[in-house]
Structure formats: structure tokens, C-alpha cells
Amino acid sequence: LIYVLYWKKLFLTHFLLHIIHNACCMFTTFDITPTTIVQFTMGATGDVVKARYSYVYVYEGGQWKIAHHHSSVMPEGIDIAQPITEPEVRGLFHLWNDALATLDPDAVAKRYAKEGVLLPTVSDVPRTDYASIKDYFVNFLQKKPQGIILESNVMIGTNWCQDAGIYEFDLLGDKVKARYSFIYKYEDGEWKIAHHHSSVMPEAQLAGGTVIGDAEVRGLFSLWNDALATLDPDTVAKRYSKKPCLLPTVSDTPRDDYDKIRAYFVDFLQKKPQGKILESWVTSGPDWCMDDGIYEFTMGATGDVVKARYSFVYTLEDGEWKIAHHHSSQMPEEIVPKAMLEEAQKAMA
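Reading the values: the criteria
- Residues numbered from 1 in each chain as written.
- Predicted model: local features only at pLDDT ≥ 70, side-chain atom pairs only at ≥ 80, totals over all residues.
- Heavy atoms only, no water.
- Helix = DSSP H or I, 4+ residues; strand = E, 2+ residues; numbered from the N terminus.
- Buried < 20%, exposed > 50% of the residue type's maximum accessible area, 1.4 Å probe, protein only.
- Contact = heavy atoms within 4.5 Å.
- Areas by Shrake-Rupley, 256 points an atom, 1.4 Å probe, with all protein chains shown as cover.
- Pairing = 2+ DSSP bridges.
- Axes fitted to C-alpha atoms, helices over the stretch in contact; angles between N-to-C directions.
- pLDDT = per-residue confidence, 0-100.
- Salt bridge = Lys/Arg side-chain N within 4 Å of Asp/Glu carboxyl O.
- Phe/Tyr/Trp six-rings, centres within 6.5 Å; stacked < 30°, edge-to-face > 60°.

1. Looking at the overall build of the chain
Link 1 in the chain: Looking only at helices and strands, the chain has 10 helices and 13 strands in total.
Link 2 in the chain: Per-residue burial over the chain gives 30% buried out of 349 residues.
Link 3 in the chain: In the chain, the proportion of contacts linking residues at least 24 apart, taken out of those at least 6 apart, comes to 46%.
Link 4 in the chain: About 22,100 Å² of surface is accessible on the chain, with carbon and sulfur atoms providing 57% of the total.

As C-alpha cells, then:
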């Protein structure tokens, strides 16, 4: 008898549990899958979110109530943080800098994420894809840039990190400082640049531009003189700015554009001139400078030596010092009879 009662009680218990389970499944208001996964649609945003769930119900006061409710995100959707230290974050700059050293724009562009954004130092155009980022570096790499970080501030998150500060570049011997922000993301097993913002130092801009020393100003003459040595009128004409003015030594015609300047040097270069500065007076300002004095030319074609007075006004244009104004004139005492000069001086006295 005891054995029969035991099995009857066990059967009734299982039967009741089956009824409870069916009742719970019938009255749930969620979209429940057989694998105990629930999916929510957030009406306010339209977001769809899946989660795992567990409900335990009890019959209480004539109603089924939730005694236990456990909800958790899908574990495969959780980002597992890729560990990285502050020194390692700063080291990511070297991967980019090493890519610059290859002088290969593809190698540099590959350092950026699939949806990377570059706001470059010397271009107004945001670069938001591989092709446009590569295009920027086609030109920039001609300056053979190599950088060092001077100041760095690092932040680290889950599969992202940020390095912001000041770096300095060597561009064919010129030193240029800029502010930078790199945001890196862990993508396909590598740290890639998701965001790169580089800008010139604002105080230098507010101060009114670049001012160079007297020796550098005098050195600009050598660039023009070296262009003369090529005997190529185009090379010489390219030393002048976009809106130039040349008042030449042996022509009455002012030359105010590329073609006119080139035409003057077509004839002048046949004399194979090479010059040197005898006396120089320099004035400098923000993004401009002036060198006035006396130079002397040796004409390789004839051996003649000619002195002249000169004025060069240079302007910083597209990152290069160009000649905006060039006035060259023969020494007046050599071309005006001395008696006439004496008369002119008396008339002015």
C-alpha cells in the first residue's frame, strides 16, 4: 500500500509541474524561443536586443507571481577587452611613423581603420576612406616626414585607446610642431587608427606666421642663384611667387607673371650668369622678409663681371619662400656721367 501511494504522489507532482510549465508559457507576453532567449524591441529607439532569461513562478494569493527573474546579455556579444598599457598605446605612433618612413602612401593608409577619419595638418579636406587618405599622403610623403612625440596624454577603454599631445616633424630639414589626436580601435586583430586630427600650433598662427633669421633670409638668394646655374628659364621662373613683380636689370619691361618672367630669363641665361652678394641688409616679418644690397655677376659666356643693386621681397607661399618682388638695377655711377651726377647733387643742395 505504501509503495502504491508513493508512486501516485510522484505522478501527481509531475503532472502539476507540467500544468504549471504550460500555464507559464501560455501567459508570458514576451517573444520566447525554445532555447530560453527573449528578444526586445525598444519602441523609443527601434533598437532590437536579445537576452537570455530564467523565470521561476509561484502561486501566491490566487495568482502566479514571479519569484525569480534572471536576465543576461548574450555572452558572445560582449566585447572582451584587448589588454594594452600606456607605453604600448604610445608605441602605436611608431607603427604609423615607420609607415611614413617607407614613403609608400599605401603602407600609411593601411594603418587606418576601415572607417577611419583623418583631419590632416595641411589640407582643408577631411579624409574618410582609404582612397582619400592615401591621396593625402601621396603629396605629404614627398617631404620625407619623420616625427617624434614631445608630449603625450593617454586614455584606455574597451578595445579603444587615445593618444593626444604634441609632435614634431622633420620635413627635409625643417622642424614643424603640431598638435595631434589619435584614437585607435582594435579591428581584425590589430590596433588601427579610427580618428586622427593634426593641427598647427595656434599661437604661431595668432602671432602672425613664420619669421626667419637673417642668415636664412640671405640663404634664399642661393636658391635663386642655383636656379640660374641650371640655365633652365622654367626653373628660375618657379622661384617667383604666384603674383610676382620683377623689375630686371637689362629690360625696361616690368614682369608680373610666370610667362613674362620666364621670357626674360630665356635671353638672360644665355650669358650663363652666376652671382654673389657683396653687401646685404635684411628685414623680416611674419611670413615675409626682405634682402636689399649689392650683388655681382660673372657672365660665364663672356667672362664679364657686373655689379648691380638688388631688392628681394620674399613671401611664404604653400610652405615655400618665394620671390614676390625683385628689383635689380645697374650701379648708377657706372652708367651716368660723373659730371651729370655732380650737377644733380648741386641742384638738390
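2. Considering the environment of E296
Link 1 in the chain: By the element assignment, E296 lies in strand β11 (residues 288-299).
Link 2 in the chain: Judged by relative accessible area, which is 17%, E296 ranks as buried.
Link 3 in the chain: Spatially, the C-alpha atoms of E296 and L278 are 6.9 Å apart, while their sequence positions differ by 18 residues.
Link 4 in the chain: Not counting chain neighbours up to four residues away, the residues in contact with E296 comprise Q274, G275, K276, L278, V305, V306 and K307.

3. What to know about the sheet that holds strand β5 (residues 146-157)
Adjacent strands of a sheet form backbone hydrogen bonds with each other and so pair up, either parallel or antiparallel.
Link 1 in the chain: Spatial strand order, β4-β8-β7-β6-β5: 5 strands in an open sheet with mixed pairing. In this open sheet, the two edge strands, each paired with only one partner strand, are β4 (112-119) and β5. Put simply, the sheet's adjacent strands are angled 20° from each other on average, direction ignored.
Link 2 in the chain: Where strand β6 (residues 160-171) and strand β7 (residues 174-187) come together, 12 bridges link them in antiparallel fashion. Bridge pairing in β7 places G165 opposite Y180.
Link 3 in the chain: Across the sheet, helix α2 (residues 86-101) lies against β4, β5, β6, β7 and β8 (190-200), angled at about 140° from β5, the strand it touches most.
Link 4 in the chain: Its contacts with the sheet put helix α4 (residues 130-140) on β4 and β6, and the angle it makes with β4 is roughly 55°.

4. What about the confidence of the model for the chain?
Link 1 in the chain: For the chain, per-residue confidence averages 85 on the pLDDT scale, and residues scoring 70 or more make up 83% of the total.
Link 2 in the chain: Across residues 1-8 the pLDDT falls below 50, and counting only partners more than four positions away or on other chains, this stretch makes 0 contacts in the model.
Link 3 in the chain: With pLDDT under 50 throughout, residues 10-35 is counted as low confidence; its partners more than four residues away or in other chains account for 11 contacts.

5. Considerations on the sheet that holds strand β9 (residues 240-247)
Link 1 in the chain: The sheet built from 5 strands is open, its strands ordered β9-β13-β12-β11-β10 with mixed pairing. Each of the sheet's edge strands pairs with one partner strand only, and the pair in question is β9 and β10 (273-285). Strand-to-strand twist in this sheet, taken as the mean axis angle between neighbours without regard to direction, amounts to 20°.
Link 2 in the chain: Strand direction decides the pairing type here: β9 and strand β13 (residues 320-330), joined by 4 bridges, are parallel. Pairing of L246 across the sheet is with H326, part of β13.
Link 3 in the chain: Of the strands in this sheet, β9, β10, β11, β12 (305-317) and β13 touch helix α6 (residues 214-229), which is tilted by about 150° from β10.
Link 4 in the chain: Helix α8 (residues 258-268) contacts β9, β10 and β11 of the sheet and is inclined by roughly 55° relative to β9.

6. Here's the deal with the pattern of salt bridges
Link 1 in the chain: All told, the structure shown has 11 salt bridges when counted by the stated rule.
Link 2 in the chain: Residues D135 and R127 are paired through a salt bridge, measuring 3.0 Å at the closest nitrogen-oxygen approach.
Link 3 in the chain: Among the residues examined, R127 registers a relative accessible area of 9% and is labelled buried.
Link 4 in the chain: With a closest N to O distance of 3.2 Å, D170 and K175 form a salt bridge.
Link 5 in the chain: For D170, a relative accessible area of 26% puts it in the partly exposed group.
Link 6 in the chain: Assessed through its relative accessible area of 56%, K175 is described here as exposed.

7. Quick look at the packing of aromatic side chains
Link 1 in the chain: In the structure shown here, the tally under the stated rule is 38 aromatic pairs.
Link 2 in the chain: Residues Y55 and Y57 carry aromatic rings whose centres are separated by 5.6 Å and whose planes lie at 20° to one another, so their mutual orientation is stacked.
Link 3 in the chain: According to the relative accessible area criterion, Y55 is buried, its value standing at 18%.
Link 4 in the chain: Using a relative accessible area of 24% as the deciding quantity, one classes Y57 as partly exposed.
Link 5 in the chain: Residues Y264 and F268 carry aromatic rings whose centres are separated by 5.7 Å and whose planes lie at 15° to one another, so their mutual orientation is stacked. Residue Y264 and its partner F268 are both found in helix α8; the two are separated by 4 residues, about one turn of the helix. Both residues of the pair, Y264 and F268, count as buried.
Link 6 in the chain: One aromatic cluster is present, formed by F93, W96, Y112, Y136, F137, F140, Y167, F169, Y180, F182 and Y184 through successive ring pairs.

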